[in-house]
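# Structural description and commentary
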Amino acid sequence: MRRSTVFRALIFGALAALILPSTALADFIREDGTLAPGIPGSVAVDTLWVIVAGALVMFMQAGFAFLEIGFSRGKNAGTVVAKILTNFSIAGLCYWAVGFAFAFGAGSVVGHHGFFLQGFGDPLTAFPVMGLSDATVESKWFFQFVFCAVSLAIVWGTTLERIKFGVYIIYAVVFASVIYPIASHWVFGGGFLQTGDWLGTGIVGMQDFAGSTAVHLIGATGALTALLLLGPRKGKYDAAGKPRAIPGHNMPLFGLGVLILWLGWFGFNPGSALNASDGRFPEILLVTQLAACAGVLTAIATAYWRTKAIDIGMAGNGAIAALVAITAPSGYVELWAAPIIGAVAGVIVVLGVYAIDKYLDDPVGALSAHGLAGIWGTISCGFFTSPRFAKYNAFGDPNGGLFYSGSFKQLIAQVVGFTVAFTFVFAMSFATFWAIKKLYGLRVTEDEEEAGLDISEHGMYGYPEQFIPIPELVGYGAAPHVATPAPAAAAPVTTSQEVTA
C-alpha cells in the first residue's frame, strides 16, 4: 500500500468512524433493537471462551507487576503499580482508536478497517485473518488488546529503577498506536510475513500462532532500544566494568508473579484459537504446560551447573522463557515436541542472562526470557510444525517443518519473519526513545535515583515503614515511638568458692 493511501485511510477512517453510525458493534443486533435471525449456536460458546481467555491474559498484568516489584529494591516498589495501570489504560484507548484496525484490518502492509471499532461493514471482509472464528468482534478486540498490553509491559522490564515516568506515557502512545499494530499485523494479523506475499519470491508464510515474535520479541526489542539509550543503574558495574549483583527485595512476590503469568498463558495460547467449537484449545493448553515444566527443570540444572546453587530467579525465568518459546508453535506442534522446545528455552534463558549481564543492565532478564526465547520459539516452528496443523491453520508450508518434510522452506520463512519484525521495531523504537531523550529526557537525576523512584516521582513510598522514621509515621496509622529505659543490670552472682577466696 502506498504511503499516501495509508495516511488517507487513517484520517478519513477516523473521521468516518466518529461521524457515521456503527455498522454494529454488537454484530447481531439490528437497527430496530431486535436480534437478527439465524445466529449460529457457536457464537455464544466461542465468544464466551475468547472473553475468558482474554481475562486470563489481562491478569498477566498482575504477574508483571509482582515480578518487577520483586526484582526491584524496596525504594522502587510502588512506582511499578502506577506504571502498569497507566500503560494498560493508554494501550486500551490507542488500540481501540487505531491499533486494532492497523493490526487486523484487511491489507498486506497495514490494516485499514475498523478504526474506533466502527464502520467496518462485514467482519469477515474487514478482519479476514480472524474469519474462522464465530466469536464477536468485541471479544476479538478485547483478546487482541490484552496482547498489545502484554507486549508493552515487556518493554519496561529492562528500565526499572532509573527511568522517568513520563517516558512510559509518550512511548506507550506510539507503541500501542503504530509500532505494535503494524509489526503484529505483518506476523499474525494477515500481513505479508504471514501470508507469504513477497512479490512472487516463493517464500512461504511464517507461522506464529500466539506471538513468540508478534508479542514477545516485539516487546523485548523495544526494551533493548530503551536500555541502549538509558544506561545501567548506578553502581551496577565497578570501575573495571565488572557487573555487580543488585538483588531484588522480595523473591516470594517474584514467584507469585511467575505463577500468575503461567496461569495467564492458559488464556494466551489456547485462546489464540479464537474459538472453542473445534475442540483444539485443550490440546494447546497441554502443549503449553509440558513446555513450561521442561523449561523450569533445565533452567535450574543449567544455573546449578554454572553456580552450584539452585537459583530462584533462574527457576522463574526458565518457566517464562519456555512459555514464550512455546507461544509461536503451540498451535502447530504435536505433544512430543513441546518438552523439547521448552527444555531448550530453559537453557537459552540462563546462558543468555549471564552473557547479557556482562554488558547490559537488564534487571528482570527480559532480553533473554522474551527476546532470545522468542526467537527460539519462532524458529522451532521451522523444525517441528506438524503437517496436519499447518494445513488446518492454513499458513506456512503444508508439508510441515524440517523434521517432517526434510525441507528448509518453513525454517527460512521463520528466520526471515523475525528478522524483518525485529528490524522494524528496533528502528521505530530507537527513533522514538532517541527523540524522547533529546526533547524530554529518559533518566531521573542521580539524587532521584539514589532516593528511589517512589518518593522522587510519586511523593510517597511503597513501603513507608521501611523508609520513614517511626515518630513521623503517625499519619500512616502507626503509634508514636516511645523510648523505653533499659532494664537495670542484675547484681553479680558469687559462688561460695569466690567468697572464701
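Conventions and cut-offs
Residues numbered from 1 in each chain as written. Predicted model: local features only at pLDDT ≥ 70, side-chain atom pairs only at ≥ 80, totals over all residues. Heavy atoms only, no water. Helix = DSSP H or I, 4+ residues; strand = E, 2+ residues; numbered from the N terminus. Buried < 20%, exposed > 50% of the residue type's maximum accessible area, 1.4 Å probe, protein only. Contact = heavy atoms within 4.5 Å. Areas by Shrake-Rupley, 256 points an atom, 1.4 Å probe, with all protein chains shown as cover. pLDDT = per-residue confidence, 0-100. Axes fitted to C-alpha atoms, helices over the stretch in contact; angles between N-to-C directions. Parallel < 35°, antiparallel > 145°, perpendicular 65-115°, else oblique. Left-handed = near helix turned anticlockwise from the far one by under 90°. Nonpolar A, V, L, I, M, F, W, Y, C, P; charged D, E, K, R; others polar. Salt bridge = Lys/Arg side-chain N within 4 Å of Asp/Glu carboxyl O. Polar contact = N/O pair within 3.5 Å; in protein donor to acceptor, adjacent residues only side chain to side chain.

With that out of the way, let us pick up the overall build of the protein. In terms of regular secondary structure, the protein is built from 20 helices and zero strands. For the protein, the residues scored as buried account for 53% of the 501 residues in total. Relative to all contacts within the protein whose residues are 6 or more apart in sequence, the contacts with residues 24 or more apart total 76%. Total accessible area on the protein stands at roughly 21100 Å², and carbon and sulfur atoms take up 70% of it.

Across the protein, the average pLDDT comes to 90, with 87% of residues at or above 70. When the criterion is pLDDT under 50, residues 1-7 qualifies, and its contacts beyond four places in sequence or with other chains add up to six contacts. Confidence over residues 9-26 falls short of pLDDT 50; this stretch has 29 contacts with residues more than four positions distant or in other chains.

Looking now at the packing of helix H2 (residues 42-71) against helix H5 (residues 137-155). For any two helices packed against each other, one specifies the inter-axial angle together with the distance between the axes. The interhelical angle for the contact between H2 and H5, taken along N-to-C directions, is 15 degrees, at an axis separation of 8 Å. Judged by the angle between their axes, H2 and H5 are roughly parallel. Two packed elements cross with a definite hand, and for H2 against H5 that hand is left-handed. Contacts from Thr-47, Val-50, Ile-51, Ala-53, Gly-54, Ala-55, Val-57, Met-58, Met-60, Gln-61, Phe-64 and Glu-68 of H2 reach H5 at Ser-139, Lys-140, Phe-142, Phe-143, Val-146, Phe-147, Ala-149, Val-150, Ala-153 and Ile-154. Tallied by class, residues from the contact of H2 with H5 come to 16 nonpolar, four polar and two charged.

In this section: the pattern of salt bridges. All chains considered together, the criterion is met by 11 salt bridges. The salt bridge involving Arg-233 is made with Asp-361; its shortest N-O contact spans 2.8 Å. Highlighted residues: Arg-233 in the loop between helix H8 (212-230) and helix H9 (251-268) and Asp-361 in the loop between helix H12 (337-356) and helix H13 (366-384), separated in sequence by 128 residues. A relative accessible area of 1% places Asp-361 in the buried class. The partner of Glu-450 in a salt bridge is Lys-234, and the shortest N-O contact between them spans 3.5 Å.

Here we come to the side chain of Thr-79. Within the secondary structure layout, Thr-79 lies in helix H3 (residues 78-104). Since its relative accessible area comes to 7%, Thr-79 is described here as buried. Side-chain polar atoms of Thr-79 contact the side chain of His-458, separated by 2.7 Å. In this view, Thr-79 contacts Phe-165, Leu-453, Asp-454 and His-458; residues no more than four positions away in its chain are not counted.

Considering the arrangement of structural elements, one finds Gln-410 in helix H16 (residues 409-439). When the C-alpha atoms of Gln-410 and Ile-379 are compared, they prove to be 8.8 Å apart, with 31 residues separating the residues in sequence. Excluding residues that lie within four positions of it along the chain, Gln-410 makes contacts with Val-204, Gly-205, Met-206, Gln-207, Cys-381, Gly-382, Gly-396, Asp-397, Gly-400 and Gly-401. In terms of polar contacts, Gln-410 uses its side chain to reach the side chain of Gln-414, at 2.9 Å.

Time to look at the side chain of His-216. Tracing the backbone shows His-216 in helix H8. Apart from the residues within four sequence positions on either side, His-216 is in contact with Ile-154, Gly-211, Trp-265, Phe-268, Val-324, Thr-327 and His-370.

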